[in-house]
Amino acid sequence: MAFAPVECDEEWLPLLTLGEAHALLSVLRTVAAEGGPVAAEADGLSKEIAACISPQD
């Protein structure tokens, strides 16, 4: 899955390990897919994080 480039200036992202970042990304994508009141925010955050980390093998 590819996303448009997003500026990666989040200060908290370097505090996560790569594994933790991928786990968070998975949770955010699940929340976004399920819909609900925070789905749009979860989708936006997942795109930002995906643009800032390397793909998981």
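Here's what I pulled together on the structure shown here. All values reported here derive from a predicted model rather than from experimental measurement. (Residues numbered from 1 in each chain as written. Predicted model: local features only at pLDDT ≥ 70, side-chain atom pairs only at ≥ 80, totals over all residues. Heavy atoms only, no water.)

The next subject is the overall build of the chain. Secondary structure assignment for the chain yields two helices and zero strands. Scored against the burial criterion, the 57 residues of the chain give a buried share of 19%. When contacts within the chain are restricted to residue pairs at least 6 apart in sequence, long-range pairs at least 24 apart make up 61% of them. When the accessible surface of the chain is summed, it comes to about 4,100 Å², and 58% of that surface belongs to carbon and sulfur atoms. (Helix = DSSP H or I, 4+ residues; strand = E, 2+ residues; numbered from the N terminus. Buried < 20%, exposed > 50% of the residue type's maximum accessible area, 1.4 Å probe, protein only. Contact = heavy atoms within 4.5 Å. Areas by Shrake-Rupley, 256 points an atom, 1.4 Å probe, with all protein chains shown as cover.)

The next thing to look at is the packing of helix H1 (residues 18-34) against helix H2 (residues 39-52). Between H1 and H2, the least distance of the axes is 8 Å, while the angle of their chain directions is 150°. On the basis of their axis angle, the class for H1 and H2 is roughly antiparallel. The hand of the H1/H2 crossing is left-handed. Facing Ala-21, Leu-24, Leu-25, Leu-28, Arg-29, Val-31 and Ala-32 of H1, the residues of H2 in contact are Ala-39, Ala-42, Asp-43, Leu-45, Ser-46, Ile-49 and Ala-50. Its residues placed into classes, the contact of H1 with H2 shows 11 nonpolar, one polar and two charged. (Axes fitted to C-alpha atoms, helices over the stretch in contact; angles between N-to-C directions. Parallel < 35°, antiparallel > 145°, perpendicular 65-115°, else oblique. Left-handed = near helix turned anticlockwise from the far one by under 90°. Nonpolar A, V, L, I, M, F, W, Y, C, P; charged D, E, K, R; others polar.)

Here H2 contains 14 residues, and its C-alpha end-to-end distance of 20 Å stays within 8% of the 20 Å for a straight helix at 1.5 Å per residue. For H2, the complete set of buried residues consists of Ala-39, Ala-42, Ser-46, Ile-49 and Ala-50. One side of H2 carries all its buried residues, which in axial view fall inside an arc of 100°. Exposed and oriented more than 90 degrees from the buried face of H2 are Ala-40 and Glu-41. Contact partners of the buried residues in H2: H1. (Expected span 1.5 Å × (residues − 1). Arc of directions from axis to C-beta.)

For the rest of this paragraph, the subject is the pattern of salt bridges. For the coordinates displayed, the defined rule picks out one salt bridge. Note that Asp-43 and Lys-47 form a salt bridge whose closest N and O atoms lie 3.1 Å from each other. With Asp-43 and Lys-47 both in helix H2 and four residues apart, this pair spans about one turn of that helix. Given the relative accessible area of 31%, Asp-43 is considered partly exposed. The exposure class assigned to Lys-47 is partly exposed, which follows from its relative accessible area of 32%. (Salt bridge = Lys/Arg side-chain N within 4 Å of Asp/Glu carboxyl O.)

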